Amino acid sequence: MDMASAAVWISLAACITSILGLLFKQGRRNEEDALWRGEVNGKLDVVCGIKQDVEELKEACQQNARNIAVVDASTKSAHHRIDELAREPYRPRKA
């Protein structure tokens, strides 16, 4: 075998090795990207779920504030009635 053909065979082997290395490396990179994207998507789902929970809590707080306002008004009305009854003289009931 002469030097020229040996050089060609060595070059060909190097090219094939390089191409195979790139293909295997690309597959591994795709797997790593897929794992990373999966983690990111999972975290986004959690964030979106937390956002929805916060919105529900805001609505519940607003409803509680409305309920407290109703109870406060009712309590004030009851205090006024009690004060009016306290001002009236005591009259025992007839049996």
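In what follows, the structure referred to is the one given above.
Visitor: Which residues make up the overall build of the chain, and what values go with them?
Guide: In terms of helices and strands, the chain carries one helix and zero strands. C-alpha extents for the chain along the principal axes are approximately 135 × 20 × 10 Å. Of all 95 residues assigned to the chain, the portion counted as buried reaches 0%. Accessible surface for the chain amounts to roughly 9,200 Å². Of this, 63% is attributable to carbon and sulfur atoms. Computed over 14 positive and 14 negative side-chain charges, the separation of the two mean positions in the chain equals 12 Å.

Visitor: With reference to specific residues and values, describe a negative patch on the surface.
Guide: A surface patch of negative charge is lined by D53, E55, E56 and E59. Along the chain, the position of E59 falls in helix 1 (residues 3-87). Residue classification places E59 among the exposed residues on the basis of a relative accessible area of 52%.

Visitor: A description of a nonpolar patch on the surface should follow, citing residues and the corresponding values.
Guide: On the surface, W9, L12, I16, I19, L20, L23 and F24 cluster together into a nonpolar patch covering about 780 Å² of accessible area. Assessed through its relative accessible area of 46%, I16 is described here as partly exposed.

Visitor: Describe the pattern of salt bridges, with residues and values.
Guide: Inspection of every chain in the model, using the stated rule, returns one salt bridge. A salt bridge links K76 to D72; the nearest nitrogen and oxygen atoms lie 3.8 Å apart. Of this pair, K76 and D72 are both found in helix 1, four residues apart, which corresponds to roughly one turn of the helix.

The rules behind each value
Residues numbered from 1 in each chain as written. Predicted model: local features only at pLDDT ≥ 70, side-chain atom pairs only at ≥ 80, totals over all residues. Heavy atoms only, no water. Helix = DSSP H or I, 4+ residues; strand = E, 2+ residues; numbered from the N terminus. Buried < 20%, exposed > 50% of the residue type's maximum accessible area, 1.4 Å probe, protein only. Areas by Shrake-Rupley, 256 points an atom, 1.4 Å probe, with all protein chains shown as cover. Lys, Arg positive; Asp, Glu negative; His and termini not counted. Charge placed at Lys NZ, Arg CZ, Asp CG, Glu CD. Patch = residues over 30% accessible without salt bridge, like charges linked within 9 Å, V, L, I, M, F, W, Y side chains within 5 Å. Salt bridge = Lys/Arg side-chain N within 4 Å of Asp/Glu carboxyl O.

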